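Observations on the three-dimensional arrangement
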Amino acid sequence: MVLPRRRPYGNNSLRRLVPVIALVCGGILVFLALVSFLMPPPVDTGHLRSRHNHVVPFGTGGGEGSNGALKLGVPIGGGRSDHDLWSSRFSKFYHGCSNASQNFGKAEDITVPSRFLMIATSGGLNQQRTGITDAVVAARILNATLVVPKLDQKSFWKDSSDFSDIFDVDWFIKYLAKDIKIIKQPPEKKGKSWTPYTMRVPRKCSERCYESRVRPAFSKRHIVRLTKFDYRLANRLGTDLQKLRCRVNYHALRFTDPILDMGRELVRRMRIRSKHYIALHLRGCYYGGGEKERKELGAIRKRWKTLHTSNPDRERRHGKCPLTPEEVGLMLRALGYGSDVHIYVASGEVYGGEETLAPLKALFPNFYSKDTIAMKEELEPYTAFSSRMAALDFIVCDESDVFVTNNNGNMAKILAGQRRYSGHKPTIRPNAKKLYRLFLNKGNTSWEAFTSKVRTYQRGFMGEPNEVRPGRGEFHENPSSCICEEPGAAKAKRDPGSQKSGREDSDAARKDVDEDDQNMDDDELEWMDPDDDEEEDDDQTGAQETGLANGLGSDYSVPGTEEQPELEEMLSD
């Protein structure tokens with residue numbers, strides 16, 4: 001008889017313990033997962049971490065041209081934002097308004113028949129645009145007929161374009177017909193052109209200045225020619241004259257059809273790629289990047305004698321040196337723009353080339369320019385003309401959902417003003433003074449803290465209405481006389497949340513402007529002010545003055561006396 005095998009008692013015990021052990025281990029794993037999720041990230045390695053699962057390793061290694069080593073783990077996504085990234089708060093309550101008042105006389109009633117004004121503009125496209133705009137107002141003040149302005153063809157840009165090559169001259173004359181009489185060519189007498197009386201007015205010349213300095217010249221000659229006409233009109237004028245400025249700049253100055261068609265095609269191609277896009281205008285600066293950069297800029301100074309010897313730390317400390325492309329990219333990411341955002345860069349050649357742009361491209365891989373979205377054959381009619389190329393960039397920037405600039409040059413100012421006039425489309429200008437300090441200490445903070453500070457510092461610098469006090473800054477940048485408020489704006493401002501936010505934004509911007517004014521010494525003020533008064537004595541032969549503030553030659557220079565541009569102006573367009 002075979003007895004049945006007895007199973008060991010220990011096996012039964014182990015079987016009963018297995019579920020218990022599994023449950024305990026699972027609990028431990030869940031606990032560890034919760035702890036790892038809730039614990040703050042370590043910062044001892046100098047890397048900035050994010051709560052986002054995906055990060056982009058990013059850095060420069062501190063080579064020449066770098067403003068210190070960046071070793072950031074930057075989130076791919078932009079994170080949460082407390083406002084719409086693609087529209088301005090309260091913008092629907094404001095609109096451009098530039099119609100003349102009933103007291104503004106018609107051109108035929110105020111124009112003196114035998115009085116003609118000629119203008120020679122100066123600089124690149126956008127600097128010349130300010131000159132053309134002010135030329136119309138100057139002719140109105142003088143009760144003169146304006147001859148279509150002569151564009152600058154002799155300074156650094158060497159652009160042979162005439163007015164009619166860039167702007168629709170017939171539209172220009174027709175649109176302003178009620179305000180001022182304009183002719184294409186100076187009048188002739190017995191088949192010969194009249195010899196003009198040539199002179200130059202000082203910067204910031206007011207109505208009284210034109211009446212006392214220029215009007216008497218018409219008693220000598222019927223034609224007066226004003227040379228190097230850039231920023232030669234006072235920033236503050238009567239309301240009707242300011243509105244005339246707006247009618248010229250935002251309505252009468254229309255690009256020619258070929259330029260408009262090509263510019264709109266570039267915009268269309270950006271829209272095909274993405275519903276929204278950012279247009280970015282970059283400008284360089286000396287960032288203290290080493291011996292190579294010092295030697296290169298030293299060579300530039302030999303050509304442009306008027307270039308200031310710069311102290312990079314001092315310039316950046318006072319917010320007068322543009323952010324690097326890398327810093328612009330970090331600012332945008334902190335403001336909430338993720339790596340999927342498409343960027344159009346509207347700059348010429350950036351100092352440092354691809355090496356300087358590489359960190360920005362790493363943050364925003366969808367990186368375009370007119371050269372990358374258009375074929376070489378399409379751009380061929382424009383490539384030999386810097387002003388026409390700049391006009392294409394101007395169109396793409398103006399049509400962008402967000403315009404970002406790291407500088408305060410002519411293009412940045414003109415576009416900021418146009419976008420304010422056209423409905424306050426978002427226009428971001430870095431609060432460079434405060435962001436500089438933040439970038440200096442970026443290695444000692446978390447990404448969340450870095451983001452919070454960027455958003456705080458940028459309040460009042462995002463293109464919202466009323467960020468800049470009326471009358472502050474250049475009129476071309478802040479055309480406050482030409483912006484009207486809708487009735488619903490008052491009610492919206494009374495909303496508690498909106499009122500607080502709007503007030504904080506405006507106060508932040510105004511406080512920064514006031515602090516900058518108080519903290520700058522005399523030579524800093526001279527560096528920043530593009531409207532330095534110039535004491536000039538104009539003789540009857542029209543000989544050109546030397547040693548002027550911004551050193552750009554005019555079309556009517558006496559041979560051998562052409563002035564060289566400062567690098568500041570060379571890069572401003």
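About the thresholds
Residues numbered from 1 in each chain as written. Predicted model: local features only at pLDDT ≥ 70, side-chain atom pairs only at ≥ 80, totals over all residues. Heavy atoms only, no water. Salt bridge = Lys/Arg side-chain N within 4 Å of Asp/Glu carboxyl O. Helix = DSSP H or I, 4+ residues; strand = E, 2+ residues; numbered from the N terminus. Buried < 20%, exposed > 50% of the residue type's maximum accessible area, 1.4 Å probe, protein only. Axes fitted to C-alpha atoms, helices over the stretch in contact; angles between N-to-C directions. Parallel < 35°, antiparallel > 145°, perpendicular 65-115°, else oblique. Left-handed = near helix turned anticlockwise from the far one by under 90°. Contact = heavy atoms within 4.5 Å. Nonpolar A, V, L, I, M, F, W, Y, C, P; charged D, E, K, R; others polar. Polar contact = N/O pair within 3.5 Å; in protein donor to acceptor, adjacent residues only side chain to side chain. Disulfide = S-S within 2.5 Å. Core = buried A, V, L, I, M, F, W, Y, C linked by side-chain atoms within 4.5 Å. Expected span 1.5 Å × (residues − 1). Phe/Tyr/Trp six-rings, centres within 6.5 Å; stacked < 30°, edge-to-face > 60°. Lys NZ or Arg CZ within 6 Å of the ring centre and 35° of its normal. Pairing = 2+ DSSP bridges. Right-handed = clockwise from strand over helix to strand, strands pointing away. pLDDT = per-residue confidence, 0-100.

This part is about the pattern of salt bridges. For the structure shown, the criterion picks out 15 salt bridges. Asp170 serves as the salt-bridge partner of Lys184, at 2.8 Å between the closest nitrogen and oxygen. Of this pair, Lys184 sits in the loop between strand E6 (182-183) and strand E7 (188-189) while Asp170 sits in helix H5 (residues 169-175), and the two are 14 residues apart along the sequence. Relative accessible area serves as the criterion here: at 43%, Lys184 is assigned to the partly exposed category.

All right, on to the packing of helix H11 (residues 325-335) against helix H12 (residues 353-363) then. Put simply, H11 and H12 touch, their axes get as near as 7 Å, and they point 20° apart. The orientation of H11 with respect to H12, classified from their angle, is roughly parallel. Remark: the crossing between H11 and H12 carries left-handed chirality. For the pair H11 and H12, the contacting residues are Pro325, Glu326, Gly329, Leu330 and Arg333 in the first and Thr356, Leu357, Pro359, Leu360 and Leu363 in the second. Of the residues that constitute the contact of H11 with H12, the class distribution is 6 nonpolar, 2 polar and 2 charged.

Its location among the elements puts Gln242 in helix H7 (residues 239-252). A distance of 3.0 Å separates the side chain of Gln242 from the backbone oxygen of Asn235, its partner in a polar contact. Each residue touching Gln242, except ones within four places of it in the same chain, is listed here: Asn235, Arg236, Leu237, Phe475, Ser481 and Cys482.

The final tally for this structure, using the stated rule, is 3 disulfides. Shown here is the disulfide that connects Cys205 with Cys209, its sulfur atoms set 1.8 Å apart. As the torsion about the S-S bond is roughly -90°, the Cys205-Cys209 disulfide counts as left-handed. A single burial state applies to Cys205 and to Cys209, both of which are buried. Disulfide pairing is shown between Cys246 and Cys482; the S-S distance is 2.0 Å. Every disulfide takes its handedness from the sign of the S-S torsion; for Cys246 and Cys482 that torsion is 95°, giving right-handed.

With that out of the way, let us pick up the nonpolar core. Grouped together as the largest cluster of nonpolar side chains are 72 residues, with contacts concentrated most on Leu117, Phe172, Tyr210, Leu226 and Phe255. For Leu226, the contacting residues outside a window of four places in its chain are Leu117, Met118, Ile119, Ala120, Met199, Val201, Tyr210 and Val214. Core analysis: the next-biggest nonpolar cluster, separate from the first, contains 32 residues, Val74, Leu85, Ile278 and Leu280 among them.

With that settled, the discussion passes to helix H3 (residues 125-141). Helix length check: H3 (17 residues) gives 25 Å between terminal C-alpha atoms against 24 Å at 1.5 Å per residue, within 8%. Most of H3 is tucked away, with 17 of its 17 residues classed as buried. Just past H3, the residue Asn143 takes up positive phi, approximately 55°.

Attention now goes to the packing of aromatic side chains. On inspection of all chains with the given rule, the structure shows 10 aromatic pairs. Ring centres of Phe167 and Phe255 lie 5.6 Å apart, and the angle between their planes is 15°; on these two criteria the pair is classed as stacked. Of this pair, Phe167 sits in the loop between helix H4 (163-166) and H5 while Phe255 sits in the loop between H7 and helix H8 (257-273), and the two are 88 residues apart along the sequence. For Phe167, a relative accessible area of 2% gives the class buried. By relative accessible area, which is 5% here, Phe255 ends up buried. Grouping aromatic residues by their ring pairs yields a cluster made of Phe163, Phe167, Phe172, Phe255 and Phe394. Seen from the ring of Trp171, Arg254 lies directly overhead, with NZ or CZ sitting 4.0 Å from the centre.

What follows covers the side chain of Ser98. Summarising the element assignment, Ser98 is placed in the loop between strand E3 (94-96) and helix H2 (107-110). Assessed through its relative accessible area of 6%, Ser98 is described here as buried. In this structure the side chain of Ser98 is engaged in a polar contact, spanning 2.8 Å, whose partner is the side chain of Tyr421. Apart from the residues within four sequence positions on either side, Ser98 is in contact with Lys243, Cys246, Arg247, His251 and Tyr421.

Here we come to the pairing of strand E4 (residues 116-119). Neither face of E4 is left uncovered, since the one carrying Phe116 and Met118 and the one carrying Leu117 and Ile119 both have all their residues buried. In the sheet, E4 pairs with strand E5 (residues 145-147) via 2 bridges, with the strands oriented parallel. Looking at E5, one finds that Leu117 is bridged to Leu146. Between the parallel pair E4 and E5, the chain is carried across by H3, and the sense of this crossover is right-handed. As paired elements, E4 and strand E10 (residues 223-226) share 4 bridges and run parallel to each other. Paired with Met118 across the strands is Arg225, a residue of E10.

Moving on, we come to the sheet that holds E10. Judged by pairing direction, the sheet is parallel, and its 5 strands sit side by side in the order E6-E5-E4-E10-E9 without closing on themselves. Both outer strands of the open sheet, E6 and strand E9 (197-199), are each paired with one neighbouring strand and no more. As paired strands, E9 and E10 are joined by 3 bridges and run parallel to one another. Directly across from Met199, in E10, lies its bridge partner Leu226. Each of E4 and E5 is contacted by H3, which is oriented at about 160° to E4, the strand it contacts most.

Next up on the list: H7. Think of an α-helix as 3.6 residues a turn; residues three or four steps apart then line up on the same face. The first and last C-alpha atoms of H7 sit 18 Å apart over 14 residues, in line with the 20 Å expected at 1.5 Å per residue. With 12 of 14 residues buried, H7 is to be regarded as a mostly interior element. Residues of H7 that are buried include every one of Asp240, Leu241, Gln242, Lys243, Leu244, Arg245, Cys246, Arg247, Val248, Asn249, Tyr250 and Ala252, and no others.

Turning next to the confidence of the model for the chain. On average, residues of the chain score 77 in pLDDT, and 66% of them reach the 70 mark or higher. Here residues 499-503 is modelled with pLDDT under 50, and outside its nearest four sequence neighbours on either side it reaches 4 contacts, counting other chains as well.

Let's shift gears to the sheet that holds strand E12 (residues 342-345). As summarised here, the arrangement of the 5 strands in space is E13-E12-E11-E14-E15, forming an open sheet in which the pairing is parallel. Strand pairing shows two members of the sheet lacking a second neighbour, strand E13 (367-368) and strand E15 (427-428), which therefore form its edges. Of the pairings in the sheet, the one linking E12 to E13 comprises 2 bridges and is parallel in character. Of the residues in E13, the one forming a bridge with Tyr344 is Tyr368. Sitting on the sheet, H8 is in contact with strand E11 (277-281), E12 and E13, with an inclination near 160° to E12.

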